[in-house]
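Secondary and tertiary structure notes
Here are the chains, one letter per residue:
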Amino acid sequence: MQVHGKNIKVFSGNSNPKLAQDIAETLGVTLGDANVTTFSDGEISVNINETVRGRDVFVIQSTNEPVNNNLMELLIMIDAFKRASAGRVTAVIPYYGYARQDRKAKARDPITAKLVADILTAAGADRVLTMDLHAAQIQGYFNIPVDNLMGVPILANYFIDLGFKDNEDVVVVSPDLGSVTRSRKFADKLHAPIAIIDKRRPKANVSEVMNIIGDIKGKTCIMIDDMIDTAGTITNGAAALMKLGAKEVYACCSHGVLSGPAIERLENSVLKEVVMLHTIDLPQDKLIEKIKVLPVAPIFAEAIKRIYEDVSVSKLFED
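Conventions and cut-offs
- Residues numbered from 1 in each chain as written.
- Predicted model: local features only at pLDDT ≥ 70, side-chain atom pairs only at ≥ 80, totals over all residues.
- Heavy atoms only, no water.
- UniProt positions renumbered as here; feature names shortened; annotations may be inferred.
- Phe/Tyr/Trp six-rings, centres within 6.5 Å; stacked < 30°, edge-to-face > 60°.
- Buried < 20%, exposed > 50% of the residue type's maximum accessible area, 1.4 Å probe, protein only.
- Helix = DSSP H or I, 4+ residues; strand = E, 2+ residues; numbered from the N terminus.
- Contact = heavy atoms within 4.5 Å.
- Domains from an automatic or database assignment.
- Buried area = accessible area lost by both parts, 1.4 Å probe.
- Salt bridge = Lys/Arg side-chain N within 4 Å of Asp/Glu carboxyl O.
- Polar contact = N/O pair within 3.5 Å; in protein donor to acceptor, adjacent residues only side chain to side chain.
- Nonpolar A, V, L, I, M, F, W, Y, C, P; charged D, E, K, R; others polar.
- Pairing = 2+ DSSP bridges.
- Axes fitted to C-alpha atoms, helices over the stretch in contact; angles between N-to-C directions.

Looking up the protein chain in an unreviewed UniProt entry gives the name Ribose-phosphate pyrophosphokinase, with the organism given as Clostridium collagenovorans DSM 3089. Its UniProt record, at the heading Subunit (unreviewed entry), says of the protein chain: "Homohexamer."

1. Re the packing of aromatic side chains
Note on aromatic pairs: each is described by the distance of the centres and the angle between the planes. What the rule picks out here adds up to seven aromatic pairs. Both rings, one in Tyr 158 and one in Phe 159, keep their centres 5.3 Å apart while their planes meet at 85 degrees; by these two values the pair is edge-to-face. Pair check on accessibility: Tyr 158 and Phe 159 agree, each one buried. Look at Phe 159 and Tyr 250: their rings are 5.8 Å apart centre to centre, the planes differ by 90 degrees, and that puts the pair in the edge-to-face class.

2. Some thoughts on the side chain of Ser 45
Among the structural elements, Ser 45 can be located in strand S3 (residues 44-48). A relative accessible area of 11% places Ser 45 in the buried class. Excluding anything up to four places from it in sequence, Ser 45 contacts Asn 35, Val 36, Thr 37, Thr 38 and Phe 39.

3. A closer look at the domain arrangement of the protein chain
Considered domain by domain, the protein chain is made up of domain 1 (8-149 + 297-317) and domain 2 (152-288). Taking only C-alpha atoms into account, the centre of domain 1 sits 28 Å from that of domain 2. Across the boundary between the two partners, domain 1 contributes 16 residues, which contact 17 residues of domain 2. Contact with domain 2 buries surface across domain 1, with Tyr 95, Arg 100 and Asp 132 losing the most and accounting together for 39% of the total. The interface formed by domain 1 and domain 2 includes one salt bridge. Asp 229 is the partner of Arg 100 in a salt bridge, and the nearest nitrogen-oxygen pair spans 2.6 Å. The tally of links between domain 1 and domain 2 comes to eight residue pairs in polar contact (both at pLDDT 80 or more). Of the residues assigned to the side of domain 1 that touches domain 2, the class counts are seven nonpolar, five polar and four charged.

4. Concerning the UniProt feature "binding site: Mg(2+)" (unreviewed entry) in the protein chain
When the UniProt feature table is mapped to this numbering, "binding site: Mg(2+)" (unreviewed entry) covers His 134 and Asp 176. Sequence-wise these annotated residues cover 43 residues; spatially they are packed, their C-alpha atoms never more than 13.3 Å apart. What makes His 134 partly exposed here is its relative accessible area of 31%. Mapped onto the secondary structure, Asp 176 falls in the loop between strand S8 (170-174) and helix H5 (180-190).

5. A few points about the pairing of strand S6 (residues 127-131)
Of all five residues that make up S6, five are buried, and the element is covered over most of its length. Here S6 shows two buried faces, one formed by Arg 127, Leu 129 and Met 131 and the other by Val 128 and Thr 130. When strand S5 (residues 88-93) meets S6, the two strands line up parallel, connected through four bridges. Each bridged residue has a counterpart across the sheet, and for Thr 90 the counterpart in S6 is Arg 127.

6. Some remarks on the sheet that holds S6
To summarise the sheet geometry, strands pair through backbone hydrogen bonds and adopt either a parallel or an antiparallel arrangement. Ordered in space as S1-S4-S5-S6-S7, the five strands form an open sheet in which the pairing is parallel. The open sheet has two free edges, formed respectively by strand S1 (8-12) and strand S7 (146-149), since each of these has just one partner strand. Neighbour to neighbour, the strand axes of the sheet diverge by 20 degrees on average, direction disregarded.

7. Some words on the UniProt feature "domain: Ribose-phosphate pyrophosphokinase N-terminal" (unreviewed entry) in the protein chain
The feature "domain: Ribose-phosphate pyrophosphokinase N-terminal" (unreviewed entry), as given by UniProt, occupies residues 8-124 in the numbering adopted here. Structurally, residues 8-124 is divided into 34% helix and 22% strand, and its ends, taken at the C-alpha atoms, are 18 Å apart.

8. Some points on the pattern of salt bridges
Scanning the entire structure with this criterion turns up 15 salt bridges. Taking the shortest distance from any N to any O, the salt bridge between Asp 102 and Arg 103 comes out at 3.0 Å. Accessibility expressed as a relative area gives 4% for Asp 102, which makes it buried. For Lys 106, the salt bridge is made with Asp 109, and the minimal N-O distance between the two is 3.1 Å. A relative accessible area of 55% places Lys 106 in the exposed class. What emerges from the salt-bridge pattern is a single network uniting Asp 56, Arg 88 and Asp 310.

Following this line, the structure appears as structure tokens:
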């Protein structure tokens, strides 16, 4: 894919340079020359080593662990580009951190998803390109355009290639009530029924399976969620499915956060395979045999191309 014209510039922070390089190569452009380092006291230093005056700049940076460092890198880079007279700055955030606190669930709760949206706008971002926001309403927290790409088609195509489409033995399982819409879209692509795990969270990062709604006995189950963090929800859900008669269980998600005991839980779980997208760059020690990472550079490159050429991004997902 060759983007014509000299006005596009793609830069990367330190969170996922491999993805940034893949996107640039897919677009047919050279990754921008920028150094993002730290001073001795930990403050972030950004040096842009080429002109961006009047250019359409895309900054690729996921806000995963270390979340605060990656977020500050992104904010400082945006500020640097705006002060260097970039024509337009798009924050490309494959994984949008701080998204789980998207409403006041109880008294005196912060709404960090809105706070981060405000900070990005204040830093000078003209628009945001992301994938599978934790909650759809987060788009409304911005006063600038937000393009939210969908990971479901990429994940569904992987399982279609495995022969899971139109298979009577396959059922798609939503790990909680909040993921039912995502699960339904995924199931529609496989022409499969869905089941729902009814769970409760006694506290953060802890989940308990209460009930399973739907027929999973003797079935191959595919659990889908937007992210896997500590892997408690997915592994507990998989164990419950197997206990109630499922034949085998796969899991898939857009964002493999994989913090805390996640890797140990996945390794010791009944899950046959865990499929995730390359929105977060996993270190080698987390790339266990059960984990399969699918590329997202082609879809981000196509979205960037469409933004640059002022063409509709939503048409990417029209069947």
